[in-house]
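Topology and contacts: notes
Here's the letter readout for the chains.
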Amino acid sequence: MADQVDLYIELVLDGTSGRPLYDWLSNRQSLHLAEDLYLPAVPLIMRILVVDNGGQWTHREWRVLRDLGVESEIIANTTPLENIKADGLVLSGGSPRVGLDQEKMGKCGDYIDKAGVPILGICAGHQFMATHLGGKAGPSKIPEFGKMMVTIDSEDDLFKGLPETLVAWESHNDEVLEMPPDFVSLAHSDNCKIQAMKHTSKPLYGLQFHPEVEHTDNGYEMFQAFIDICEAYKKA
Amino acid sequence: MFNADKFIEEETARLEREVKGKAIIGASGGVDSTVCAAIVGKALGERLLAVYVDTGFMRKGETANVDKMLRRLGVNHIVVDASDEYFTALKGVIEPETKRKIIGEKFIRVFEREAKKFGAEYLVQGTIAPDWIESGGGIRDTIKSHHNVGGLPKDLNLILVEPLRDLYKDEVRKVARALKIEVAEKQPFPGPALAIRIMGEPTRESVEIVREACAIAEEEIEKAAAAGKMKLPWQYFAVLLPVRSVGVQGDIRAYGYTIAVRAVDSVDAMTANYSKIPHDVLEQISIRITNKMKDKVNRVVYDVTNKPPSTIEWE
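How each quantity is defined
Residues numbered from 1 in each chain as written. Chains lettered and ligands numbered in written order. Predicted model: local features only at pLDDT ≥ 70, side-chain atom pairs only at ≥ 80, totals over all residues. Heavy atoms only, no water. Helix = DSSP H or I, 4+ residues; strand = E, 2+ residues; numbered from the N terminus. Buried < 20%, exposed > 50% of the residue type's maximum accessible area, 1.4 Å probe, protein only. Contact = heavy atoms within 4.5 Å. Areas by Shrake-Rupley, 256 points an atom, 1.4 Å probe, with all protein chains shown as cover. 1 Å grid on protein atoms, 1.4 Å probe; cavity = no way out; pocket = protein on both sides within 12 Å on 5 of 7 lines; lining within 4 Å. Points joined across faces, edges and corners; volume = space filled by probe spheres on them. Nonpolar A, V, L, I, M, F, W, Y, C, P; charged D, E, K, R; others polar. Pairing = 2+ DSSP bridges. Axes fitted to C-alpha atoms, helices over the stretch in contact; angles between N-to-C directions. Phe/Tyr/Trp six-rings, centres within 6.5 Å; stacked < 30°, edge-to-face > 60°.

If you tally the helices and strands in chain A, you get 5 helices and 9 strands. Buried residues in chain A amount to 48% of all 236 residues. When contacts within chain A are restricted to residue pairs at least 6 apart in sequence, those whose partners lie at least 24 apart make up 69%. Accessible surface computed for chain A: about 11900 Å², of which carbon and sulfur atoms make up 53%.

The structure is reproduced here in structure tokens:
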């Protein structure tokens, strides 16, 4: 026999007409309510922090992680490593221009070297990761702002099951020009060769585009994939 | 996912715990400040006074409508006409950041006056995430100073309370629906109001042009959406440009100003794409604006830029 739930709904009646204020039975929302009663097994709560490099969308990264059920906080990029307890870190984007004001990236280098958890660098975070580990980042020949098409060249863990090309929103004056040793590129656009990169053996990832904004296709899936990476890393 | 009921419960409890005396709230009649007034009103009751400031830059019929809406909401409120003060303070000002800061400071001065009369020591604002993000500070660049953040004077003598600080508009709307607030779906409207839809000096004359243009754009777009011709955009309005161009009206040369129509789709205002409005709707807006204001405006253009690289408002 199929699983069955009994749903008790109290009708709220309008004071004057005596009719239900809300038609529960024909309302789609009420069906979602019923579905929500099948609770999944209690998941492992992951704690992934967002390192604030001053980006316009730092807070969006926090929101997406929270929406996906992760415990998250935004922390200053000057937070000493020993005060950080996390299963993963996101290095946000920001106004600092790589090469011009590296010091504004705070202790991001420390985190990359010593945090020992998966790290996802986004935009400035991605560019910083590249330069810090021996690659090169600098002004883009053609900077990208707003809606662009990104082609996924290698699915890897981060883009598992996603379409080969997708709409991604960008906002960058600089980009990764040369990857650091042991990194591979995972995606590109017409104007930017390295839209995504990862280390071949360590859990270090970088994205030039912004998966955290509403207008980027499949952004939530990419964050979920990063959460899964953090979870697998924690269990291993 | 964001849980509106839980948010209302937790915030109300927190406000009851933390706000001990009287408070005033800056209420524009928009979604953010109305939700805020409802939640704070739940916690404070008669100890809250909502203050609506008529800056002189409000849209057509706005002050009267908001007055009625706040009455229906059941929160203590007053309407303050400060338009003379605003026009005087903005005389000759064209730089967008200066405009925003002057307007922000003026709001606070009005709030301080009203707080004193009411005996309030707290100032509640409906500040949401994009307001403080875009206002910048620290390592974050200032995109634009939102009046409720970047416009705050250093010598503010009221304690700020901002319950919606971490929410985006889509989340505020969820809270608004949970509270059955009538303006839940109202389009966003910036605090500096029409003053930042005039690319130039905000005067009584220029605000009249953009007020009429905004009313026509809103009316036509809402009518088309209601008729199923298009989806109602997230935000839609008109902007008065200082650019003049040549036209011909009744076989006579004209030399008038330009109105830009702007409509965007967004979820949280942090990214936006321009709305694909049908051409016949745009044409109707153009015809009405150029006929109604033939002495002032003889050209209408449509803005086809996304955010980024542009922002939703022009200033």
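With that settled, the discussion passes to empty space enclosed by the protein. All names here are of chain B. Evaluated as defined, the whole model comprises 1 cavity of 30 Å³ or more. Taken as a whole, the largest cavity holds about 820 Å³ of empty space. As for the largest cavity, its lining consists of 45 residues, and the residues nearest its centre are Asp32, His147, Phe189, Pro190 and Gly191. Counting only elements with at least two residues in the lining of the largest cavity, the list comes to α2 (31-44), β2 (48-54), α5 (96-118) and α6 (129-135). Classifying every residue of the lining of the largest cavity gives 18 nonpolar, 15 polar and 12 charged.

This brings us to the sheet that holds β2 of chain B. Residue and element names in this part refer to chain B. Strand order in the open sheet formed by 5 strands is β3-β2-β1-β4-β5, with parallel pairing between adjacent strands. Edge positions in the sheet fall to β3 (77-81) and β5 (159-161), since each of these pairs with one other strand and no more. Ignoring strand direction, the axes of neighbouring strands in this sheet form an average angle of 30°. Taken together, the 5 bridges between β2 and β3 define a ladder with parallel strand orientation. Note that in β3 the partner of Val53 across the bridge is Val80.

All names here are of chain B. Taken as a whole, this structure holds 5 aromatic pairs over all chains when the rule is applied. Judged by centre distance (5.7 Å) and plane angle (50°), the rings of Phe2 and Phe7 are tilted. Relative accessible area serves as the criterion here: at 12%, Phe7 is assigned to the buried category. Between Phe107 and Phe111 the ring centres are 5.9 Å apart and the planes differ by 25°, which places this aromatic pair in the stacked class. On the criterion of helical spacing, the pair formed by Phe107 and Phe111 is a turn pair, its members being 4 residues apart in helix α5.

Residue and element names in this part refer to chain A. Judged by pairing direction, the sheet is mixed, and its 9 strands sit side by side in the order β2-β1-β3-β4-β9-β8-β7-β5-β6 without closing on themselves. Of all strands in the sheet, those bounded by a partner on one side alone are β2 (74-76) and β6 (165-178). Each adjacent strand pair in this sheet contributes to an overall mean axis angle of 25°, direction not counted. Inspection of the sheet shows strand β8 (residues 196-199) paired to strand β9 (residues 204-207) by 3 bridges, in the antiparallel sense. Note that in β9 the partner of Met197 across the bridge is Gly206.

All quantities given are derived from atomic positions and should not be read as evidence of function.
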